[in-house]
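# Residue-level structural notes
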Amino acid sequence: MIDVVSVTALQTGSPEAFALLVDQYSDKIYRLVYSIVQRQEEAEDITQEVFTTVYTSVDRFKGDALISTWMYRIAVNKCQEFLRKQSRGKRSGKHVTYEQVQGTPQQPSSSYMHPGMELEKKERRIILSNAMNQLTEQQRIAFTMNKQEGFSYEEIAQAMNLSKSSIESLIFRARKQLQVLLAAYYDEHINR
Amino acid sequence: MEPKEQWIEETINSLDGFKQVTASDALKNRLKSIPITISPGIRVMVPKQSIWLAAASIALIIGINIAAIYTTQQQTTATESVEADYFTYLNQL
């Protein structure tokens, strides 16, 4: 991943450099946050918090990693905070599923698929999404980053501030847990 | 592969390449207005030297105060002792 945004310009508070940063990373950060929290409004709020933190704390960025890695780390931390608050029942919001988001005109499908197949895939995603909600917070984040967003183990390790082996273990256990949950769903709803 | 296992694998893989969600234009505009909405004062960083200097100053002030209280207490005790000796002397007379 190439960082084209000048960190020096950001550190001087240049609005142009910040706008460039928004252009380059808003989709990536929003998609990552959305895939973890799965709520549109909260994903937008968290994305705004991420960019606000970046703007106010860029002076502390030492340049020892890519700015994208630093931003992903902030985003993951904010998501973890949200998930903790959510698990304590302190936050609530409108739950917008992938299906609903996909149906909006702003996100047209990039490739054609038969409507029947498309519908079935949507259903699978919803089933998987529900199963993923039962994973631990770290398993869910690591699995989402790897499986949905295509981050490498190394990138996830940097973003989550864990070792690469811990990430491998988290994803392995997440996959095992999902297999168990989906097997139970299959027995109950499909193979009756 | 059994149908059940196949179904599970396909479901787990249903997220592959699902990257269609994008930030709305409204959100992007909100993000771009962050430098305008945030007060410039917030970005002013306090140098670490100043923080240490302030901490040292506070510690020094606290130290001086403790020393002053200790000295005052000692002086009061000494005065009380002199007064007691004086009254004892008067009583003896």
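Look up: the structure comes first, before these words.
Quantities reported herein were computed from a predicted structural model and do not represent experimental measurements.

So, on to the overall build of chain A. Each helix and strand counted, chain A has nine helices and zero strands in total. Walking chain A from its N terminus toward its C terminus, one meets helices and strands in the order α-α-α-α-α-α-α-α-α. Of all 192 residues assigned to chain A, the portion counted as buried reaches 45%. Within chain A, contacts between residues at least 6 apart in sequence are counted, and of these 64% link residues at least 24 apart.

Here A:Asn161 shows up in the loop between α8 (153-160) and α9 (164-190). In this structure A:Asn161 comes out as exposed when scored by relative accessible area, which is 62%.

With that settled, consider unusual backbone geometry. Residues and elements named next belong to chain A. Even without glycine at this site, Gln38 takes up a positive phi of about 60°. Its location among the elements puts Gln38 in the loop between α2 (15-37) and α3 (40-57). Using a relative accessible area of 4% as the deciding quantity, one classes Gln38 as buried. The backbone of Asn161 sits at a positive phi, close to 60°, despite the residue not being glycine.

So, on to the interface of chain A and chain B. Each partner contributes to the interface: chain A provides 52 residues, whereas chain B provides 30 residues. Buried area between chain A and chain B, both sides added, is near 4,100 Å², and the carbon and sulfur share of it is 63%. Inspection of the region where chain A meets chain B yields seven salt bridges. A salt bridge links B:Glu10 to A:Arg124, with the shortest nitrogen-to-oxygen separation between them at 3.0 Å. Broken down by secondary-structure element, the contributors of at least two residues to the side of chain A that touches chain B are α1 (7-11), α2, α3, α5 (98-103), α6 (115-132), α7 (137-148) and α9 of chain A. The biggest single contributor to the side of chain A that touches chain B is α2(A), with ten residues.

This next bit is on the nonpolar core. The tendency in soluble globular proteins is for nonpolar side chains to be buried as a group. Residues and elements named next belong to chain A. Of all hydrophobic cores here, the largest spans 64 residues; its most connected members are Leu21, Ile29, Phe51 and Met71. When residues of this core are assigned to their parent elements, the largest contribution, twelve residues, is made by α2. Here this core gathers at least three residues from each of two domains, domain 1 (1-96) and domain 2 (134-192).

The next subject is the packing of aromatic side chains. Applying the stated criterion across every chain yields a total of eight aromatic pairs over all chains. Pairing A:Tyr186 with B:Trp7 gives two aromatic rings, centres 5.4 Å apart and planes at 50°, and the pair type is tilted. Taken together, the residues span two chains, with A:Tyr186 in helix α9 and B:Trp7 in helix α1 (residues 3-12). B:Trp7 shares its class with A:Tyr186; the two are buried. Cluster of aromatic residues (ring-pair linked, three or more members): A:Phe18, A:Phe51 and A:Tyr55.

Moving on: the environment of A:Thr53. Within the secondary structure layout, A:Thr53 lies in helix α3. A polar contact of 3.4 Å, which involves the side chain of A:Thr53, links it to the side chain of A:Lys78.

A few words on α3(A). Taking 1.5 Å per residue as the helical rise, α3(A) with its 18 residues ought to reach 26 Å, and the 25 Å between its terminal C-alpha atoms agrees with that figure. Among the residues of α3(A), those classed as buried are A:Glu42, A:Ala43, A:Glu44, A:Ile46, A:Thr47, A:Val50, A:Phe51, A:Val54, A:Tyr55, A:Thr56 and A:Ser57.

Turning our eyes to something else, we now look at the pattern of salt bridges. Applying the stated criterion to the full structure yields nine salt bridges over all chains. For A:Arg31, the salt bridge identified is with A:Glu149, shortest N-O distance 3.2 Å. One end of the pair, A:Arg31, is in helix α2; the other, A:Glu149, is in the loop between α7 and α8, and 118 residues separate them in sequence. Residue A:Glu149 is classed as buried on the basis of its relative accessible area, which comes to 8%. Ionic contacts of the salt-bridge type, sharing partners, join the residues A:Glu44, A:Asp45 and B:Arg30 into one network.

Each value, and the rule that gives it
- Residues numbered from 1 in each chain as written.
- Chains lettered and ligands numbered in written order.
- Predicted model: local features only at pLDDT ≥ 70, side-chain atom pairs only at ≥ 80, totals over all residues.
- Heavy atoms only, no water.
- Helix = DSSP H or I, 4+ residues; strand = E, 2+ residues; numbered from the N terminus.
- Buried < 20%, exposed > 50% of the residue type's maximum accessible area, 1.4 Å probe, protein only.
- Contact = heavy atoms within 4.5 Å.
- Buried area = accessible area lost by both parts, 1.4 Å probe.
- Salt bridge = Lys/Arg side-chain N within 4 Å of Asp/Glu carboxyl O.
- Core = buried A, V, L, I, M, F, W, Y, C linked by side-chain atoms within 4.5 Å.
- Domains from an automatic or database assignment.
- Phe/Tyr/Trp six-rings, centres within 6.5 Å; stacked < 30°, edge-to-face > 60°.
- Polar contact = N/O pair within 3.5 Å; in protein donor to acceptor, adjacent residues only side chain to side chain.
- Expected span 1.5 Å × (residues − 1).

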